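Reading the structure
This is what each chain is made of:
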Amino acid sequence: VKNGRNVYANIKKAIQFLLSGNTAGILTVLYASLAGLPVPFAAVHLLFINLLTDSLPAIALGLEPHSDAVMQEKPRPRQEGILTKPFLLSVGTEGLVIALATIIAFHIGLASGGAAVASTMAFATLCLSRLFHGFNCRGKEPIFRLGLGSNRFSLLAFAGGTALLAAVLFVPGLSQLFAVTPLGAAQIGQIAALAFAPTVLIQLFKALARR
């Protein structure tokens, strides 16, 4: 029973990560379409996100260490599916927060360098924020209670995803292949801050909810 509950919990964590991240991308594209703005992502950007940025944290969440805490939970109803109302609300809220950060980055790029810079900033912000979001999906508890190093696979996934994103942004051949524009130091700093902001908000909410 314990093993089954832990496996089910890890599956839900991976699904939550994938759905909330994809919701953020959908909301960003929808916003740009309704506002009459340039397309925020190229097709190759979405391919990079789905094949690399998504897969590493999702695999790490599937390898989350088993916990005894699952035995303190009440049995779930036999007919209950994964996509319950609280689960979907959590997915939607997290996706909206990440989308807002991506949209802000997109507008900063439009103001400072045009559509190409805006697309690059939106792409980098969405990628990095989803890598950070992998830590949010590790459990209902704040990350400082779970322990940042308690799942070394999540750290490896974040490091690997960040390295791949950096390669795309800074290696000349890859930057042309993935249709990104060179960015300045200030823009890189803005991307990092905006990508980290959703994780700060989500962790604060978890801490308040627990209290």
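All values derive from a computational prediction rather than experimental measurement.

1. Digging into the layout of surface pockets
Approximately 1,500 Å³ is the volume found for the largest pocket. What lines the largest pocket is a set of 42 residues, and nearest its centre among them are Lys13, Gln16, Glu73, Gly139 and Lys140. For the lining of the largest pocket, the secondary structure elements donating two or more residues are helix H1 (2-35), helix H4 (85-113) and helix H9 (185-210). With 8 residues, the single largest contributor to the lining of the largest pocket is H1.

2. Some remarks on the packing of H4 against helix H5 (residues 115-136)
Where H4 meets H5, the closest approach of the two axes is 7 Å, and the angle between their N-to-C directions is 155°. The orientation of H4 with respect to H5, classified from their angle, is roughly antiparallel. Between H4 and H5 lies a crossing of right-handed hand. Two secondary-structure elements touch here, H4 through Glu94, Ile98, Ala101, Thr102, Ala105, Phe106, Ile108, Gly109, Leu110, Ser112 and Gly113 and H5 through Ala115, Val117, Ala118, Ser119, Met121, Ala122, Thr125, Leu126, Ser129 and His133. Here the residues of the contact of H4 with H5 sort into 12 nonpolar, 8 polar and 1 charged.

3. Regarding the packing of helix H2 (residues 43-53) against helix H3 (residues 55-62)
Two numbers describe how H2 lies on H3: the axes approach to 5 Å, and their chain directions differ by 25°. As far as their axial angle goes, H3 and H2 are roughly parallel. Contact residues: H2 offers Asn50, Leu51, Leu52 and Thr53, while H3 offers Ser55, Leu56 and Pro57.

Calculation rules
- Residues numbered from 1 in each chain as written.
- Predicted model: local features only at pLDDT ≥ 70, side-chain atom pairs only at ≥ 80, totals over all residues.
- Heavy atoms only, no water.
- 1 Å grid on protein atoms, 1.4 Å probe; cavity = no way out; pocket = protein on both sides within 12 Å on 5 of 7 lines; lining within 4 Å.
- Points joined across faces, edges and corners; volume = space filled by probe spheres on them.
- Helix = DSSP H or I, 4+ residues; strand = E, 2+ residues; numbered from the N terminus.
- Axes fitted to C-alpha atoms, helices over the stretch in contact; angles between N-to-C directions.
- Parallel < 35°, antiparallel > 145°, perpendicular 65-115°, else oblique.
- Left-handed = near helix turned anticlockwise from the far one by under 90°.
- Contact = heavy atoms within 4.5 Å.
- Nonpolar A, V, L, I, M, F, W, Y, C, P; charged D, E, K, R; others polar.

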